Amino acid sequence: MNTPQEKPTANRRIVDSSEPAQSSNRQEVDWRDFRDHIATADQDGRRRWLYPKAPSGAWHRRRAGFAAFLLILMFAGPWIRIQGNPLLLFNVVERRFSILGQIFWPQDSAVFAVAMLVFISGIVVFTVAFGRLWCGWACPQTVMMEMVFRKVEYLIDGDSAAQRALAAAPWTVSKTARRLFKHAVFFGLSFLVGNTLLAYIIGSEQLLAVQFDDPRRHWVGLTFMTLFSLLFYGIFARFREQACTFICPYGRFQSALLDENSLVVAYDRRRGEKRAPLHRGQGAQSRLAAGLGDCVECRQCVTVCPTGIDIRDGTQMECVNCTACIDACDSIMHKVGRPTGLIRFASQNNLERGEPQRFTRRMAMYSVVLAALIGVFLWLVLSRSPVETTFLRVSGTLHQTLPDGRIRNLFSVKMINKSHDPLPIEVRLENLPGTVRLMGSTHPVVPVGEYLQTSALVDLDPTQLTGSTTELKLGVYSQGQLLERVVTQFSGPRSQSPKPTP
Ligand code: SF4
Ligand code: SF4
């Protein structure tokens, strides 16, 4: 078996295998062995702390603009109201959910199930076509890490080289003060992120109550606020890219979704190899004559990578398609006078066979499934009744015969108002003559986004009964407008001679 020592030097790259405080350790790793190692651990399994160089360039500017939009949306989300309802709310405690201002309840399980299918198939279609674009551009973990925490780190500690130097420096008063300041800022940001997550779960009003009311009344909320803040601090200050490598399942199943036509950040091996440093006065023609490619082995694509990989090794699970290596390589190509795009968004077919990007049959089939699911989802949302009613005979109760001979049943009624307005409610019998009376108020109103729970008495003439049970069709009306129809069963005496069904 080959050992790293036995392999040719040309295939080796130098990697930093240090903990933050031990950045002087360096190891030789054979580039052909890259799938046997993870980029963030050395051969003894110790964490290799990454100091990626600050990215810059056209792709980074696009990504920063998009991230700014997402960050505004993410932090403002719980505070934005549409017709009085939050833009997004996932109140699992009260089992109340709001998406784009539409209130959903656990009873909307079909909507949730289809929404989940749309989400999953959307990810599948997106990954088949565009690889892990989501990870680098829209995933909240990456956006927060690379566009907020990492930027703060560059401001306080400086760029990659300064960070390495600071990590290797002895603990002085100045280093301690800088570290304390950085981690205080990190914790403040984590507190902000933790509170935002809490606002998405309990709602912004509840969050304000937790923050400003008597703490003794909100110890659960305060506990979660502290836990979330510590969790995010742990993730963004220490765990970092490991969340994408070890925790996130998406990176793991992408290999099953990508094919040779998927668009990914990739190195053009045909153009780049054989890689070799550029010597003074060496032109493109002399490199070509020497059998050398465009890659000048500057390793800028590696030093900017926030997951520590070398994209020249090929598509890897750790790559989040952040495009930092594209910018880094493009700037080198500008400097050496070669065309940009040695690292670029491309499919395997495009790189290896020069084929244009194709919309494959697999993509088409997934897209059809996705479009169908989106259609079902929209139909479910748009055809959703503004009120959801359950009308059930109270269990254990028998029918009652009134002095005038009519038969009475007691029902329990539960109504949920899913609309944006209070709903005055009236219930009418639709298929039989008889009376329905809701108990409590004579003019019941279901408040916005809340339940009305009451009882109802239904009286029928015995001649209307079709046996020991009779089907009732009820209409739920608001201001004369039919909102929903419900069907339930009316119980009558067993001896009742059945009324012939028409
Ligand atoms: S940045 Fe470009 S030229 Fe430099 S090592 Fe990477 S691929 Fe080669
Ligand atoms: S390889 Fe390039 S695109 Fe992939 S994570 Fe690293 S820098 Fe980003």
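Residues numbered from 1 in each chain as written. Chains lettered and ligands numbered in written order. Predicted model: local features only at pLDDT ≥ 70, side-chain atom pairs only at ≥ 80, totals over all residues.

> I'd love a proper account of the overall build of the protein chain, names of residues and values included.
For the protein chain, the count of helices and strands is 16 helices and 19 strands. For 502 residues, the compact-globule formula gives about 23 Å, and the C-alpha radius of gyration of the protein chain, at 32 Å, lies well above that figure. Overall size of the protein chain, expressed as C-alpha extent along the three principal axes, is 110 × 60 × 45 Å. Considering only residue pairs separated by 6 or more positions, the protein chain has 66% of its internal contacts joining residues 24 or more positions apart. (Helix = DSSP H or I, 4+ residues; strand = E, 2+ residues; numbered from the N terminus. Rg over C-alpha atoms; globule rule 2.2 N^0.38 Å. Contact = placed C-beta atoms within 7 Å.)

> If you had to explain the packing of helix H2 (residues 109-130) against helix H16 (residues 361-382) to someone new, which residues and values would you point to?
Two elements in contact, H2 and H16, have axes whose closest approach is 9 Å; the angle formed by their N-to-C orientations is 155 degrees. Taken together, the axis directions place H2 and H16 in an arrangement best described as roughly antiparallel. H16 is crossed by H2, and the crossing has left-handed handedness. On H16, the residues touching Ala110, Val111, Val114, Ala115, Leu117, Val118, Ser121, Gly122, Val124, Val125, Val128 and Ala129 of H2 are Arg362, Met363, Tyr366, Ser367, Val369, Leu370, Leu373, Ile374, Val376, Phe377, Leu380 and Val381. Tallied by class, the residues present in the contact of H2 with H16 amount to 20 nonpolar, three polar and one charged. (Axes fitted to C-alpha atoms, helices over the stretch in contact; angles between N-to-C directions. Parallel < 35°, antiparallel > 145°, perpendicular 65-115°, else oblique. Left-handed = near helix turned anticlockwise from the far one by under 90°. Nonpolar A, V, L, I, M, F, W, Y, C, P; charged D, E, K, R; others polar.)

> Give me the lowdown on unusual backbone geometry, citing residues and values where you can.
Cis peptide bonds are those with omega within 30 degrees of zero, and the linkage from Glu273 to Lys274 qualifies with 0 degrees. Mapped onto the fold, Lys274 is located in the loop between helix H11 (269-272) and helix H12 (284-289). A positive phi is found at Arg240, a non-glycine position, where the angle reads about 50 degrees. Tracing the chain through its elements places Arg240 in the loop between helix H8 (219-239) and helix H9 (242-247). Despite not being glycine, Arg299 has its phi angle at roughly 65 degrees, a positive value. By the element assignment, Arg299 lies in the loop between H12 and helix H13 (300-303).

> Give a description of the site of ligand 1 that names residues and reports values.
In the neighbourhood of ligand 1, 16 residues make up the surrounding shell, with Cys295, Cys298, Gln300, Cys301 and Cys329 lying closest. Contributing elements (two or more residues each) for the shell around ligand 1: H13 and helix H14 (324-336). (Near = placed C-beta within 6 Å.)

> Describe the nonpolar core, listing the residues and the values that go with them.
In terms of nonpolar packing, the biggest core is built from 28 residues, with Val265, Cys301, Ile311, Cys325, Cys329 and Ile343 touching the most fellow members. When residues of this core are traced back to their parent elements, those giving at least two are strand S8 (264-267), H13 and H14. With six residues, the top contributor of residues to this core is H14. Each residue touching Val265, except ones within four places of it in the same chain, is listed here: Ile311, Cys319, Asn321, Thr323, Cys325, Ile326, Ile343 and Phe345. (Core = buried A, V, L, I, M, F, W, Y, C linked by C-beta atoms within 7 Å. Buried ≥ 20, exposed ≤ 12 C-beta atoms within 10 Å, placed from the backbone.)

> Any chance you could break down the environment of Arg437 for me, citing the residues and the numbers?
Counting through the fold element by element, Arg437 comes out in strand S15 (residues 435-438). Given 12 C-beta atoms within a 10 Å radius, Arg437 is considered exposed. When the C-alpha atoms of Arg437 and Gly131 are compared, they prove to be 59 Å apart, with 306 residues separating the residues in sequence. Among residues more than four places away in sequence, those in contact with Arg437 are Ala456 and Leu457.

> Give me the lowdown on the sheet that holds strand S19 (residues 481-491), citing residues and values where you can.
An order of S14-S18-S19 is seen for the three strands of this open sheet, with the pairing classed as antiparallel. Since the sheet does not close on itself, it has two edges, and those belong to strand S14 (426-429) and S19, each with one partner. The sheet shows a mean angle of 30 degrees between the axes of neighbouring strands, direction not considered. The pairing of S14 with strand S18 (residues 469-478) spans four bridges and is classified as antiparallel. Note that in S18 the partner of Arg428 across the bridge is Gly475. (Pairing = 2+ DSSP bridges.)

> Lay out the environment of Thr127 with the relevant residues and their values.
By the secondary structure assignment, Thr127 is in helix H2. Take Thr127: there are 22 C-beta atoms within 10 Å of it, and that puts it in the buried class. With 134 residues separating them along the chain, Thr127 and Asn261 place their C-alpha atoms 11 Å apart. Once you skip the residues sitting within four places of it in the chain, Thr127 turns out to touch Arg132, Gln254, Leu257 and Leu258.

> Account for the sheet that holds strand S6 (residues 96-99), with residues named and values stated.
The sheet built from three strands is open, its strands ordered S5-S6-S7 with antiparallel pairing. Because the sheet does not close on itself, it has two edges, and the strands there are strand S5 (88-91) and strand S7 (102-104). For this sheet, the mean inter-axis angle between neighbouring strands, taken without regard to orientation, is 25 degrees. Judged from the four bridges that link them, S5 and S6 form a sheet pairing that is antiparallel. Opposite Leu89, over in S6, you have Ser98 as the bridge partner.

> Describe the site of ligand 2, and please don't skip the residues or the numbers.
Taken together, the neighbourhood of ligand 2 is formed by 14 residues, with Cys305, Ile311, Cys319, Cys322 and Cys325 sitting nearest. Its residues placed into classes, the shell around ligand 2 shows 11 nonpolar, three polar and no charged.

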